[in-house]
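# Remarks on the overall topology
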2 protein chains.
Amino acid sequence: MSAVLVVHGGAWAIPDELAKASVDGVKTAAREGFSVLKRGGSAVDAVEVAVRALEDNTVFDAGHGAVLNKDGEVELDAIIMDGRTLATGAVSSVKNIANPVSLARAVMEKTSHVMLTSQGANLFAESIGISTVPTETLVTEYERREWEKHKNYMTGVIEDFNTQWAHDTVGAVALDSAGNVACATSTGGIRNKMVGRVGDSPVIGCGGYADNLSGAVSCTGHGESILKVTLARLILSKIEQGKSVTEASQMSLQHMGDRVKGAGGAIVVSPSGHWAATFTTERMAWAAVEQDVLWYGLDPHERLKEQLPQ
Amino acid sequence: MSAVLVVHGGAWAIPDELAKASVDGVKTAAREGFSVLKRGGSAVDAVEVAVRALEDNTVFDAGHGAVLNKDGEVELDAIIMDGRTLATGAVSSVKNIANPVSLARAVMEKTSHVMLTSQGANLFAESIGISTVPTETLVTEYERREWEKHKNYMTGVIEDFNTQWAHDTVGAVALDSAGNVACATSTGGIRNKMVGRVGDSPVIGCGGYADNLSGAVSCTGHGESILKVTLARLILSKIEQGKSVTEASQMSLQHMGDRVKGAGGAIVVSPSGHWAATFTTERMAWAAVEQDVLWYGLDPHERLKEQLPQ
């Protein structure tokens, strides 16, 4: 089985001044995640490593670099899922955690639950010794400035989503050499969101889903729209019905546009190693590695290629 | 279009001493919900009224009668979804709210978000004038006693779920005379759950889903298992592929048992008015009204009938 890793850095109208940093960020995360697979590591390990790299990069709205809610606070959401057993861990609206994806993994591995929210998620983090970071270390000066500029505007309105002041989510999907798939998604959500707003990212079947029988998906875009159509599950249902990874993604994103007028993107990998990175927003930074070739893009239909050292 | 309303009071090993009260409770809620449809009300109105009746009944684990978490607190989850537009509102881990389903409806109608969690959900409730109730008004003496008895046991373990001290969820699905479907689900979760644990009930595609193109579902049972297979969405996917409401429910519950060893139940109504109430737990209290006939049951294959006044 030939290992595959795909990452995204969010589907939105990425402004030119963030374009290069976004592409560099997804390329780095994809290489780091793939190196886990190359060493024989599991798909779950690989997506966690890739998403941690994206969370640690302040250009992306997840972990460091997260957006601020209506009250000027950072509330983070993440999910991780193991396609072998459907084991899943998720956290929603958690504060002061640098790598929510690793906390989500701890929920999966150390509790009998799937999702912990808010203070409960923070209490659990404390109980297992995951250290907290001050809010200010997670917030960039850029974000503080943008938030000040826009804090009097309504948010969440779909019409606003494809403008430059929306901001979005990171994710990864992987197929390991044992044939197992996994996904992970992490986000700071939408700028100016209501306190306690949970978007699609930590919600199983919406922000992500992984099943060895059909594949792994991580989604990004207008969270409320993704929730309404359970986008990750929808894409995998179409794959189960015989569609290719690209067709399934395009049809599902099209359905989301038609039915609830939402834009977004998705990365997918199938158990046979087919993968896709698809979006209906203006841009999505994505990168994929298979057989030591790095593919990446930002604009629609852009598909660039680099050979990695063997 | 002939209106249909179906409710459940939770799928678990309902002990004999709660059997009559559970059946009486679902029959009353089904009649109240159906009376909304009979007056020409919407499916959304009907499922809200039915679930409020179940929340107000202390025999069920939702609103009044909710179970206690590890810290002896009540944390409530609910969802409501309108199959016409896929509009959805959900709250997770909210405290001191007597009717979480109505708060979920307010999220759907008064915010641009789908889900609010924990303190954020309570802040929103306060902002729109939904009054809070003291925790003690939500907790029965029976629950306080059961919690004291079991608080030292681990919870959430699947093997424990089919025993008498687990406790579960209420829900309703409806088809109105205009051909629109809706669902609602509400719960206090699993006794002794970790603080901040979110089960399937408020999660779109898991505890419930409604789409005029395929039908409406409300699920109950082992929350973590329902989440892992996105049970509500799975049932509707099978209906989209041509299965009957009963086949789709049975196949999906069977899949959940095979894949993640979870037991549960579901109520379903299709846009053409076909409905089902199916479960793999020992018992599920359910009731349905169509054309002034009330159907109800508790044990497997039990299907009793009463004529309602015209």
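Since this is a predicted model, take the numbers as computed values, not measurements. (Residues numbered from 1 in each chain as written. Chains lettered and ligands numbered in written order. Predicted model: local features only at pLDDT ≥ 70, side-chain atom pairs only at ≥ 80, totals over all residues. Heavy atoms only, no water.)

### Points about the overall build of chain A
- Along its length, chain A carries 10 helices and 14 strands.
- Computed over its C-alpha atoms, the radius of gyration of chain A comes to 17 Å, within 12% of the 19 Å expected for a compact globule of 310 residues.
- Each of the three principal axes of chain A carries a C-alpha extent, and together these read 50 × 40 × 40 Å.
- Counting across all 310 residues of chain A, residues that qualify as buried make up 68%.
- By sequence separation, contacts in chain A at least 24 residues apart represent 66% of the contacts at least 6 residues apart.
- When the accessible surface of chain A is split by element, carbon and sulfur atoms take 48% of a total near 10300 Å².
- The averaged location of the 37 negative side-chain charges in chain A is 2 Å from the averaged location of its 27 positive side-chain charges. (Helix = DSSP H or I, 4+ residues; strand = E, 2+ residues; numbered from the N terminus. Rg over C-alpha atoms; globule rule 2.2 N^0.38 Å. Buried < 20%, exposed > 50% of the residue type's maximum accessible area, 1.4 Å probe, protein only. Contact = heavy atoms within 4.5 Å. Areas by Shrake-Rupley, 256 points an atom, 1.4 Å probe, with all protein chains shown as cover. Lys, Arg positive; Asp, Glu negative; His and termini not counted. Charge placed at Lys NZ, Arg CZ, Asp CG, Glu CD.)

### Section: the sheet that holds strand E10 (residues 264–269) of chain A
Residues and elements named next belong to chain A.
- In space, the 4 strands of this open sheet follow the order E8-E9-E10-E11, with antiparallel pairing throughout. Sheet topology places strand E8 (208–211) and strand E11 (275–279) at the edges, where each strand pairs with a single neighbour. In this sheet, neighbouring strand axes are inclined to one another by 10° on average, regardless of whether the strands run parallel or antiparallel.
- Here E10 pairs with E11 via 5 bridges, running antiparallel. Counted as the bridge partner of isoleucine 267 is alanine 277 from E11.
- Contacting E10 and E11, helix H10 (residues 245–260) runs over the sheet at an angle of about 20° to E11. (Pairing = 2+ DSSP bridges. Axes fitted to C-alpha atoms, helices over the stretch in contact; angles between N-to-C directions.)

### A look at the UniProt feature "binding site: substrate" (unreviewed entry) in chain A
- Per the UniProt entry, the sites bearing "binding site: substrate" (unreviewed entry) are Arg197(A), Val198(A), Gly199(A), Asp200(A), Thr220(A), Gly221(A), His222(A) and Gly223(A) in this numbering.
- Mapped onto the secondary structure, Val198(A) falls in strand E7 (residues 197–198).
- A residue is classified by how much of its surface remains accessible, and Val198(A), at 0% relative accessible area, is buried.
- Ignoring any residue separated from it by four or fewer positions in sequence, one finds Val198(A) in contact with Asp77(A), Ser92(A), Val203(A), Leu227(A), Met115(B) and Thr117(B).
- Given a relative accessible area of 3%, His222(A) falls into the buried group. (UniProt positions renumbered as here; feature names shortened; annotations may be inferred.)

### A short note on the UniProt feature "active site" (unreviewed entry) in chain A
Residue and element names in this part refer to chain A.
- Under the UniProt annotation, "active site" (unreviewed entry) lies at Thr169.
- The class for threonine 169 is buried, based on a relative accessible area of 2%.
- Residues within four places of threonine 169 in sequence aside, it is in contact with His8, Gly9, Gly10, Asp61, Thr185, Ser186, Thr187, Ser201, Cys219 and Thr220.

### Some details on the pairing of strand E11 (residues 275–279) of chain B
- Across the 5 residues of E11(B), 4 count as buried, placing the element largely inside the fold.
- Turn length for the strand E10 (residues 264–269) of chain B-E11(B) hairpin, with the two strands adjacent in sequence and antiparallel, is 5 residues, and the turn residue Gly273(B) shows positive phi of about 95°.

### Quick look at the side chain of Lys238(B)
- Take Lys238(B): it is sitting in helix H9 (residues 231–240).
- Nearest to the buried, unbridged Lys238(B) among oppositely charged side chains is Glu240(A), at 6.3 Å.
- Those residues in contact with Lys238(B), other than ones at most four positions away along the chain, are Lys243(B), Ala248(B), Met251(B) and Ser252(B). (Salt bridge = Lys/Arg side-chain N within 4 Å of Asp/Glu carboxyl O.)

### Some details on the pattern of salt bridges
All names here are of chain A.
- Applying the stated criterion across every chain yields a total of 34 salt bridges over all chains.
- Arginine 84 serves as the salt-bridge partner of aspartate 82, at 3.3 Å between the closest nitrogen and oxygen.
- Aspartate 82 sits in the buried class, given a relative accessible area of 9%.
- Classification of arginine 84 by relative accessible area gives partly exposed; the value is 48%.

### Let's talk about the environment of Gly207(A)
Residue and element names in this part refer to chain A.
- Note that glycine 207 resides in the loop between E7 and E8.
- What makes glycine 207 buried here is its relative accessible area of 0%.
- The sequence separation of glycine 207 and serine 186 amounts to 21 residues, and the corresponding C-alpha distance is 8.7 Å.
- Apart from residues no more than four positions distant in its own chain, glycine 207 is found in contact with Thr185, Asp200, Ser201, Val217, Ser218, Cys219 and Ile226.

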